[in-house]
Amino acid sequence: MFERITSAPRPWLFVHLYIPGGSRNSWKPEYTLKPRQEGGDEPTLAPRVGTLMEISHGARLQDGRLILLCNALNRCRILEQTQDKPFQAATVQLLPDTEELASVGDVF
């Protein structure tokens, strides 16, 4: 996934979702990003809120590992899964920061 992102023009963006158990659970059916049924409960244990991240620097080590320096930009909500493999992709909605909204409210 990261090779694909960093081979494209900047900005290099991805969404980080915290999945309990990490990568060993990310491909389990109970953590897939299935669509929510209208009026229903969450269809899976997959988190629906994550963090929009930007890769600022990256390097491939001699042993094949990839080292990335990333910055958190904003919280976001998963709206719809658009791809399943080779990695999951989704349409997201940025979520406003409550502190930022409060400071703007004080100005007006």
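Our structure is the block above this text.
Figured I'd write up the structure that's included with this text. Given the structure is predicted, the values throughout are model-derived calculations rather than measurements.

**Examining the overall build of the protein chain**
And step 1. For the protein chain, the helix and strand inventory stands at two helices and four strands.
And step 2. In sequence order, the protein chain lays out its α and β elements as α-β-β-β-β-α.
And step 3. When burial is assessed residue by residue, the protein chain has 21% of its 108 residues classed as buried.
And step 4. A separation threshold of at least 6 residues defines the contact pool for the protein chain, and within that pool the share at least 24 residues apart is 44%.
And step 5. For the protein chain, the accessible surface area stands at approximately 8000 Å², while carbon and sulfur atoms represent 55% of it.

**With respect to the packing of aromatic side chains**
And step 1. Applying the stated criterion across every chain yields a total of one aromatic pair.
And step 2. Aromatic pair Phe2 and Phe14: ring centres 5.2 Å apart, planes at 85°, arrangement edge-to-face. Note that Phe2 is positioned in helix α1 (residues 2-7) and Phe14 in strand β1 (residues 12-16), a separation of twelve residues in sequence.
And step 3. Residue Phe14 is classed as buried on the basis of its relative accessible area, which comes to 12%.
And step 4. One residue, Arg10, lies across the ring of Trp12, its end atom 3.8 Å from the ring centre.

**Considerations on the environment of Gly50**
And step 1. Turning to its location among the elements, Gly50 is positioned in strand β2 (residues 49-60).
And step 2. C-alpha separation for the pair Gly50 and His16, spaced 34 residues apart in sequence, amounts to 5.6 Å.
And step 3. Once you skip the residues sitting within four places of it in the chain, Gly50 turns out to touch Val15, His16, Leu17, Asn74, Arg75 and Cys76.

**Some points on the sheet that holds β2**
And step 1. Spatial ordering of the open sheet is given by β1-β2-β3-β4, a layout of four strands whose pairing is antiparallel. Each edge of the open sheet carries a strand with a single partner, namely β1 and β4 (89-95). Strand-to-strand twist of the sheet, defined as the mean angle between neighbouring strand axes without regard to direction, takes the value 55°.
And step 2. Two elements, strand β3 (residues 66-83) and β4, share seven bridges in a ladder whose sense is antiparallel. Bridging across to β4, Arg77 finds its partner in Gln93.

**What about the layout of surface pockets?**
And step 1. In this structure, the largest pocket occupies an estimated 970 Å³ of space.
And step 2. What lines the largest pocket is a set of 29 residues, among which Met1, Phe14, Val15, Phe87 and Gln88 lie closest to the centre.
And step 3. At the level of elements, α1, β1, β3 and β4 are the ones that each hand at least two residues to the lining of the largest pocket.
And step 4. If one sorts the elements of the lining of the largest pocket by residue count, β1 sits on top with four residues.

Cut-offs used in this document
Residues numbered from 1 in each chain as written. Predicted model: local features only at pLDDT ≥ 70, side-chain atom pairs only at ≥ 80, totals over all residues. Heavy atoms only, no water. Helix = DSSP H or I, 4+ residues; strand = E, 2+ residues; numbered from the N terminus. Buried < 20%, exposed > 50% of the residue type's maximum accessible area, 1.4 Å probe, protein only. Contact = heavy atoms within 4.5 Å. Areas by Shrake-Rupley, 256 points an atom, 1.4 Å probe, with all protein chains shown as cover. Phe/Tyr/Trp six-rings, centres within 6.5 Å; stacked < 30°, edge-to-face > 60°. Lys NZ or Arg CZ within 6 Å of the ring centre and 35° of its normal. Pairing = 2+ DSSP bridges. Axes fitted to C-alpha atoms, helices over the stretch in contact; angles between N-to-C directions. 1 Å grid on protein atoms, 1.4 Å probe; cavity = no way out; pocket = protein on both sides within 12 Å on 5 of 7 lines; lining within 4 Å. Points joined across faces, edges and corners; volume = space filled by probe spheres on them.

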